[in-house]
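# Structural overview
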Amino acid sequence: MASLSEKAEIYLSSLDLPEELKQVPQANVGFVGLDPKNNETHKHILDAFTASRKTDRLSIHYSVIAADKDFPPAKPKRTTYEWFLPKGILKRRWMKKHLFELPAVVIIFFDLDWSDAAWNEKKLECSSRVKAIRAALTTQQTRLAVVLVQRAASGDDPQAADRAADLCAVCDLPPKSLWVLPATDHLSQYAMRLESAFYELAQTYYHQRVKVIRAHRELLNKSHHQALFVRHQFKLGFFCEVRQDMPAAHKAYQQAYSHLLELRTTDLTLCEIKVVAAMLSFKVCRLAFRQNLPRDAIAHFRRHVELFRPRVGPAELTVEHSGWLGQQYQWFGEVFEQAIQMGLPAIQTQHPGIYFEQAALHGRRRREAATALQLEGASYPEPDPLASIVSTDFYGQRPWRPPGRNVELMDTQREKLGVLAIQLMERAVNHHNLVIPLLSCAISHYKKYHCPRMKERLMVQMAEEYALSGDHDKAVILLGKVLLLYRSERWWPLVAQVAWLGLRSAYLSCQVAPYLAMCAALLSPAATGAQAERARLDANLHRLLRREPPEPEPGCSVQPGWTEALASPDPVTLELPGRHAVVSCQPAFSAPRFEQGRPLQVELRLQNLTSRRTLSVEVPARLEELGSVVWLEAVALQLEGGAGLDVLLSWKISLGDEELHQSMFGLPVGEPRSDVGGLCTTVVPRPARLALAAEHQPPVLVGEVYQMTARMTCDDLGGPLTDLVLELSLLGADEETAKNTFVVHGDTSRPLTEPLQLACGAVQPRAVAQQLLGLQCLTPASRQLQLAARYSEPTEAGTCQGRAVHAVHARGRAPVPDVGEGGCADAGADRGGGSRPNGAAHPPDHQHGPAHGPTALHTADHGRYHFDVAAESDEESGQEDEEEGGDGGSLRELVLQPMESASECVVVTARQLTGHAQPGTYTVTWNRLDWDGRPVSTVAPAPALQVRPRPLLVSVSLPAHGVVRTPLPVRYTVTNHSPQVFSLLLHMEASEAFMFSGNKRYQFRVVPGGSRQLVYNLYPLLSGRVTLPRPRLTLYRDGAPVEATELIDGALRHLPTHVYVLPQEKGGPHGPAGGAGDQVRTV
């Protein structure tokens, strides 16, 4: 005889949805003739069809059927339902029959090769097996097929076609129902092909079943057969679901649900209608989710619950209705969760946790209703009215009633016993085990979808269920977590409620640490409560500190386990908030910054309900904290009570509402605010004991080895500095600049693409260490250099690393001479050299030279530097189309002082008549006067000249200057460099500054290669830089003037236009000083 607990388990299973309903319907295919236990080939065949079935395989359920199996008999066909009255809505065994017992297709496996010697005997044996299966199926519409298991592939066997036709005729099978399965290495591929054929046969069978059901539906009328409408629509939806026609199945289940709502509801039929409604809603919602219609599924479920929520039934079975409602929310939450696992997205306001929470809520109401039942002195009735509760013919019908929907309540006493049995079963059910898993599922979903406060609320409810079930240890764990969360959010009323629940569970479970934590929460200044209760809690707290058991909580009995719990010598940890606690702690660093290697000073301001106290604590420094912000995260203080209880007070410093992280203020790291409360400090480097400086003389000239001396001076505030390393690096420079910057140390030179590190040993206090460095820049760009000195220094916490940095700005300058074109020289001057005047000549705007005359190049070497530069030599190198200039020049051995410049003039003559000419380059070799470095050669290119032909050239000879009212001789020379004779007319223009003697108009001829000289005596009338009389030339040909502007302008281009005239000295006129040769220059 089953015990009450076993009966309760059976009762709970009867209330759940049937397992065959929860399964996804699949086509049922039976195998006959396989012996996988004794035949290895048969085992491989069965595994090929059933093992490792993935989601992409066809929806088929395979089962091995014995040859002598009794199949369910077929129902007799009805031609009318006129006098038929249904006894229920859905039969309990119908789904199980079509899912597992009655196959849609029976496959008969038979070992037979086409070339078998005993072909005839085995053919008859196969025929007899087919006939036996066909006889067992009687009038069922199950399809039959035969699969011949052969040892090898038949290929082109000539006997195969004839023997296959013979076998089909003997077995009375169509040719499409006979297949061959070679048991070879490719068995799985053959099995996949056969599976498709099996599925087509099954689809044909289920399609025929759908046609039969639709034909029966036309024989029904709603006045007498309303329940049959529901049943046939359910069957129609079931077979459509097997055929994977989900839209048709969804529609059929919805129509069945609509027909169900039209049934007349009484207290006798309400239970059956609610059970069938739950089954239909389950199917509708699951198919809606599978078709990606979540809104339709949710809408249907809400409508379903709202329709049946008020249909409670008899008042004695209110507890059963609460359980039914909880079951609806539970299965919908499970279906919703399965849809999410298949890819359906959920949101914060619509997820399975909401429905699991409602299921738990109705489960708690069910427990309360079961507890409120008046069953004092009642005993379970015999015989058991619920004995056949899981074996009734129809779903939802009471087992103590005779089958049928229209029977009247005949046996009132038996009805009362049935209701009493249900009430006793509800009282025997452990409702806590039903509610706690639902709450756990709801909590996990609320956590997943970021609903922390709902999660905390459900955790409290779960703790209450654990406490009611007697599992106080788990209740204390949950309430402890929730207490910390509520306390961090300052929900003091909720903190008090949770603390009272936790205090009771902690007392009943004899746990010292949780009991202290709950007492501390209730005694905090923020907690509200009666003074008497606070006094009782304070007394219990002091009793614990004296290792005495506390007084029992209201409604609790004395627990003997407290004596053993208080005997433990280990200290008890009590976690408290920084503020609003029975003992509050406000820590703060004494300074916003601490130097590396020195201990951190922390001040602890402790306060309880009656007193205050401040403690100063030193925290040992750690060298690896350099440059970081140190935050106070926790404070632990152990109270040693001697013979009493040792308590370790622990405060976790909150960075929430009261102590905000400095990043919330937008402050840089290392600068804590004063109103943060000193919860953070910055570990800064120790003051550098090394003074770093660089001695050098800017700017840095391109190409030179620029000398720079690094001086490192140690102070006298400690011991010697060891492991001194000097580092030179280039800051903010691109890759090209870094490659053109070289550092020279000793005999080595390397580009400054990576920092240069030099070990300098140790330096004593007040000592100076020097390091000479050379810097060579190949481009004139300015550079930002950094000198850094690293060293080791012993401190209290160990050896600290110090660092001193000094920035050096190296201004670059290119000492390239300016080279430009000067004036023309006399045709009779030497072509290899030239005069070197002291002043710099201004180059003309054009850059071209005559083909028959010298050109002067002006060079200037500017030494505007704050140091002396010695120019050792200068050299002008010519190209193939010029005459070379002389070696050296006036700048040889020249010393330039700061802010000085030097200039030089070099004359070159082009060898070719036309085109462009490159005079060459100008090289200056120099070095700094006070540095012992190698000379630096600076090369500057001379400007390119455009050479033009000069057929006619006019030159003039005149003194360097004149004197007022003193004759000034001028000689013009006209030279013909062409192969033809020029007939020219010279016209001398008048000038207000001069009187002159000579031909004002003079016509003459110049033969090829010849020249003609014209002499004039000018008489200056004005002083200063005055304009000379300008000669004009006109070319004649055949006695008539012709237009030759380019020829004439080219001949007169280089004639001087002005001359300096000195005023006449007092005492009478005098001539120019010196001889005539000294007063005439060639232009």
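Residues numbered from 1 in each chain as written. Predicted model: local features only at pLDDT ≥ 70, side-chain atom pairs only at ≥ 80, totals over all residues. Heavy atoms only, no water.

## Overview of the nonpolar core
Judged by nonpolar contacts, the single largest core of 159 residues is most densely connected at F31, I107 and F109. Excluding anything up to four places from it in sequence, I107 contacts V29, G30, F31, V32, A145, V147, W179 and F198. (Core = buried A, V, L, I, M, F, W, Y, C linked by side-chain atoms within 4.5 Å. Buried < 20%, exposed > 50% of the residue type's maximum accessible area, 1.4 Å probe, protein only. Contact = heavy atoms within 4.5 Å.)

## So, helix α4 (residues 94-101)
Three or more residues of α4 are buried, namely W94, M95, K97, H98 and L99. On its buried side, α4 packs onto α2 (19-22), β1 (27-32), β2 (60-65), α7 (187-217), α8 (226-242) and α10 (270-290). (Helix = DSSP H or I, 4+ residues; strand = E, 2+ residues; numbered from the N terminus.)

## Quick notes on the pattern of salt bridges
Tallying each qualifying case throughout the model produces 32 salt bridges. Across the pair D47 and K43 runs a salt bridge whose closest N-O atoms are separated by 3.2 Å. Highlighted residues: D47 and K43, both in helix α3 (residues 40-50), separated by four residues, approximately one helical turn. A residue is classified by how much of its surface remains accessible, and D47, at 31% relative accessible area, is partly exposed. The shortest N-O distance in the salt bridge between D471 and K474 comes to 3.7 Å. Residue D471 is classed as partly exposed on the basis of its relative accessible area of 25%. (Salt bridge = Lys/Arg side-chain N within 4 Å of Asp/Glu carboxyl O.)

## Observations concerning the packing of α8 against helix α9 (residues 246-261)
Interhelical geometry of α8 versus α9 gives an angle of 165° and a closest axis separation of 8 Å. Between α8 and α9, the crossing angle belongs to the class labelled roughly antiparallel. Two packed elements cross with a definite hand, and for α8 against α9 that hand is left-handed. In this structure, α8 uses Q226, F229, V230, Q233, F234, L236, G237, F238, C240 and E241 to contact α9, whose residues at the interface are M246, A248, A249, A252, Y253, Q255, A256, H259 and L260. (Axes fitted to C-alpha atoms, helices over the stretch in contact; angles between N-to-C directions. Parallel < 35°, antiparallel > 145°, perpendicular 65-115°, else oblique. Left-handed = near helix turned anticlockwise from the far one by under 90°.)

## Quick notes on the side chain of Q423
Along the chain, Q423 falls in helix α14 (residues 412-428). Filtering out sequence-adjacent residues up to four positions away, Q423 remains in contact with E316, L373 and L375.

## Details of the packing of aromatic side chains
Counted under the stated rule, the structure contains 35 aromatic pairs. With a centroid separation of 5.9 Å and an interplanar angle of 45°, the aromatic rings of W114 and W119 are classed as tilted. Between F238 and F239, the ring centres sit 5.8 Å apart and the planes meet at 75°, which makes this aromatic pair edge-to-face. Accessibility expressed as a relative area gives 1% for F238, which makes it buried. By relative accessible area, which is 0% here, F239 ends up buried. Cation over ring: K274 sits above W324, and NZ or CZ is 5.4 Å from the ring centre. The ring of F308 has R311 lying over it, and the distance from NZ or CZ to the ring centre is 4.8 Å. (Phe/Tyr/Trp six-rings, centres within 6.5 Å; stacked < 30°, edge-to-face > 60°. Lys NZ or Arg CZ within 6 Å of the ring centre and 35° of its normal.)

## Topic: unusual backbone geometry
Omega for the bond connecting E382 with P383 falls within 30 degrees of zero, at 0°, which places this linkage in the cis form. Located in the positive-phi region is Q244, a residue other than glycine, with phi close to 65°. Relative to the helices and strands, Q244 resides in the loop between α8 and α9. Within the chain, R965 stands out as a residue other than glycine whose phi angle is a positive 60°.

## Notes on helix α19 (residues 512-522)
Among the eleven residues of α19, nine are classified as buried, and the element is accordingly described as predominantly covered. Restricting attention to buried positions, one finds in α19 the residues V512, P514, Y515, L516, M518, C519, A520, A521 and L522. The secondary structure elements touched by the buried residues of α19 are α17 (472-488), α18 (492-509), α20 (531-545), α21 (562-566), β6 (572-576) and β13 (647-652).

## Some thoughts on the environment of R803
Within the fold, R803 resides in strand β24 (residues 798-810). Given a relative accessible area of 45%, R803 falls into the partly exposed group. Considered as a pair, R803 and L690 are 113 residues apart in the sequence and their alpha carbons are 7.8 Å apart. The residues touching R803, leaving out its near neighbours within four places in the chain, are A688, Q786, A788, A789, R790 and Y791.

## Topic: the sheet that holds strand β17 (residues 705-714)
Judged by pairing direction, the sheet is antiparallel, and its five strands sit side by side in the order β15-β17-β22-β19-β20 without closing on themselves. Among the strands making up the open sheet, the edge pair consists of β15 (690-695) and β20 (748-751). Averaged over all pairs of adjacent strands, the angle between strand axes in this sheet comes to 25°, irrespective of strand direction. Pairing of strand β19 (residues 741-745) with strand β22 (residues 768-777) involves four bridges; the strand directions are antiparallel. For V743, the partnering residue across the bridge sits in β22 and is L775. (Pairing = 2+ DSSP bridges.)

## Observations regarding the environment of W651
With respect to the element layout, W651 can be found in strand β13. When its relative accessible area of 0% is taken as the criterion, W651 is described as buried. On a C-alpha basis, the gap between W651 and L574 in space is 8.5 Å, while along the polypeptide they are 77 residues apart. Leaving out residues up to four positions away in the same chain, W651 has contacts with L576, P577, G578, V583, S584, C585, L606, E633, A634, V635 and L637. A distance of 2.9 Å separates a polar side-chain atom of W651 from the backbone oxygen of V583. (Polar contact = N/O pair within 3.5 Å; in protein donor to acceptor, adjacent residues only side chain to side chain.)

## Overview of the packing of α4 against α8
The N-to-C vectors of α4 and α8 enclose an angle of 20°; their axes lie 12 Å apart at closest approach. Considered as vectors, α4 and α8 are oriented roughly parallel to each other. Considering the relative orientation of α4 and α8, their crossing is right-handed. The segment α4 lies against α8, with W94, M95, H98 and L99 engaging F234, K235, F238 and F239. For the contact of α4 with α8, a count of residues per class yields six nonpolar, one polar and one charged. (Nonpolar A, V, L, I, M, F, W, Y, C, P; charged D, E, K, R; others polar.)

## Some details on the sheet that holds strand β18 (residues 721-731)
Spatially, β21-β18-β23-β24 is the arrangement adopted by the four strands of the open sheet, whose pairing is antiparallel. The outermost strands of the open sheet, each flanked by one partner alone, are β21 (756-763) and β24. Strand-to-strand twist across the sheet, computed as the mean angle between neighbouring axes with direction ignored, equals 20°. Direction of pairing for β18 relative to strand β23 (residues 783-795): antiparallel, over a ladder of eight bridges. Counterpart to L730 in the pairing with β23 is L785.

## Section: the environment of T1034
Tracing the backbone through its elements, the reader meets T1034 in strand β44 (residues 1031-1037). Using a relative accessible area of 29% as the deciding quantity, one classes T1034 as partly exposed. Once residues lying within four places of it in the same chain are set aside, the contact partners of T1034 are S983, L984, L985 and P1041.

## Topic: the side chain of T392
For T392, the position within the fold is in the loop between α13 (352-371) and α14. Here the side chain of T392 touches R92 through a polar contact of 2.9 Å, side chain to side chain. Look past the residues within four positions of T392 in its chain and what remains in contact with it is R92, Q397 and P399.

## Quick look at the pairing of strand β34 (residues 936-941)
With burial as the criterion, only one face of β34 is covered, namely that bearing V936, T938 and A940; the residues S937, V939 and P941 on the opposite face remain uncovered. With six bridges connecting them, strand β33 (residues 921-928) and β34 associate as antiparallel partners. Within β34, the position partnered with V924 by the bridge is T938.

## Considering the pairing of β2
Sheet topology places β1 next to β2; six bridges connect them, and they run parallel. Its bridge partner lying in β2, V29 is registered against Y62. You can see the chain leave β1, run along α3 and come back into β2, and the turn it takes is right-handed. (Right-handed = clockwise from strand over helix to strand, strands pointing away.)

## What about the confidence of the model for the protein chain?
Summary statistics for the protein chain give a mean pLDDT of 83 and a share of 87% for residues scoring 70 or more. For the stretch residues 823-853, pLDDT sits under 50, and the model shows 75 contacts to residues farther than four places along the chain or on other chains. Contacts of residues 1069-1083 to residues separated by more than four positions or lying in other chains number 29 contacts, the stretch itself having pLDDT below 50. (pLDDT = per-residue confidence, 0-100.)

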